[in-house]
Amino acid sequence: MSVVKPRVVLISRPTEYELLLARHGTRGQAGFFLQTRGQHIDEVEARHQAFTRALELVSGAIPADLRRTRVTRRDLDRFVFEPDDVVMVLGQDGLVANTAKYLSGQPVIGLNPDRTHHDGVLVPHAPDRAGRLLGAVLAGRAELELRTMVQAELDDGQRLLALNEIYVGHRSHQSSRYRVTFADASEHQSSSGVIFATGTGATGWARSISRERRESFELPRPSERRLCFFVREAFPSVATGTELTQGLIESGARVEIVSEMSEGGVLFGDGIESDAAELSWGMRARIGVAEVVLRLVR
């Protein structure tokens, strides 16, 4: 009986150069567009060529006897991952976050095509290491870093996962109105929305809020099975309070948000507003530590 070998899924996104050509049609027209904005197409094209070389290097490192497929970021919501897939992400850190919410424990190899432009927190490896890392994963000897994710469950059955944070509130700059319940406390609030962040996301939006408030509690680390939450600009009134505006959510605990917004209420993860779930009046969302984790190859 033949054994089906694992599939390698290589994920990338179009380069700036490719997007410019798609929009303007030719290199000349794209160059003219950039010139009017004080930029030069040679720099953009050089980054595209560097990415193309990295892509060729990574593709060539995948053994010929393995199944493989390439997926772009815009196709992730339609792509079906298999349990035994090995995922290789070539791009910036945000592409790993975009990918993580569609996975169910598959190992992820983060490859950085341009260390001068991408920090490499989630894509720490150079493209020329792709073959060795893939071999280690297939042999079961790869070192894995388990990063906690955040999950929101709605009472209509929808589920939203994110690696960095989930935002709950109004999609515009109008006030977000809701009832929040955590532990033994509950409060009606009007605010600029609520942020639920993992240890990975705690280096961004949540850390900015925490520093501004000079809070005493320590934000979670990426591997810790807990979250933090912050209410943004809670407004005190005769009907709304400002007491329940932050906290740490341990594994197994949940914060409950019940919408009091007649329209415009949403949840979205990792800043992807186009992939938002609606939270209309009376809908209930429960947010906590997700069971699934990102398994990042170190």
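Because the structure is predicted, anything quoted here is derived from the model rather than measured. (Residues numbered from 1 in each chain as written. Predicted model: local features only at pLDDT ≥ 70, side-chain atom pairs only at ≥ 80, totals over all residues. Heavy atoms only, no water.)

What follows deals with helix H3 (residues 41–60). In this model, H3 (20 residues) spans 28 Å end to end at C-alpha, consistent with the 28 Å of a helix rising 1.5 Å per residue. Within H3, burial applies to Ile-41, Val-44, Glu-45, His-48, Phe-51, Ala-54, Leu-55 and Val-58. (Helix = DSSP H or I, 4+ residues; strand = E, 2+ residues; numbered from the N terminus. Expected span 1.5 Å × (residues − 1). Buried < 20%, exposed > 50% of the residue type's maximum accessible area, 1.4 Å probe, protein only.)

Moving on: the side chain of Gln-189. In this structure, Gln-189 sits in strand S9 (residues 185–191). Using a relative accessible area of 0% as the deciding quantity, one classes Gln-189 as buried. Within the structure, Gln-189 has its side chain in polar contact with the side chain of Tyr-178 (distance 2.6 Å). Of the polar contacts made by the side chain of Gln-189, one reaches the side chain of Glu-187; its length is 2.8 Å. Setting aside residues no more than four positions away along its own chain, Gln-189 makes contact with Ser-176, Arg-177, Tyr-178, Val-180, Val-231, Thr-240, Gly-241, Leu-244 and Thr-245. (Polar contact = N/O pair within 3.5 Å; in protein donor to acceptor, adjacent residues only side chain to side chain. Contact = heavy atoms within 4.5 Å.)

Okay, the sheet that holds strand S11 (residues 226–231) next. Read from one edge of the open sheet, six strands run S12-S11-S10-S7-S14-S15, paired in antiparallel fashion. The sheet is open, and its two edges are formed by strand S12 (246–250) and strand S15 (277–278), each paired on a single side. Relative to strand S14 (residues 265–269), strand S7 (residues 165–170) runs antiparallel, the two being bridged by five bridges. By the bridge assignment, Val-168 is partnered in S14 with Leu-267. Set on the sheet, helix H6 (residues 205–213) makes contact with S7, strand S10 (194–197), S11 and S12; between it and S11 the angle comes to about 60 degrees. (Pairing = 2+ DSSP bridges. Axes fitted to C-alpha atoms, helices over the stretch in contact; angles between N-to-C directions.)

One can describe the packing of helix H1 (residues 16–24) onto H3 by two numbers: an axis separation of 7 Å at closest approach and a directional angle of 120 degrees. When the axes of H1 and H3 are compared, the pair comes out oblique. Residue-level contacts link Glu-16, Tyr-17, Glu-18 and Leu-20 of H1 to Ile-41, Val-44, Glu-45, Arg-47 and His-48 of H3. A class-by-class count of the residues in the contact of H1 with H3 yields four nonpolar, one polar and four charged. (Parallel < 35°, antiparallel > 145°, perpendicular 65-115°, else oblique. Nonpolar A, V, L, I, M, F, W, Y, C, P; charged D, E, K, R; others polar.)

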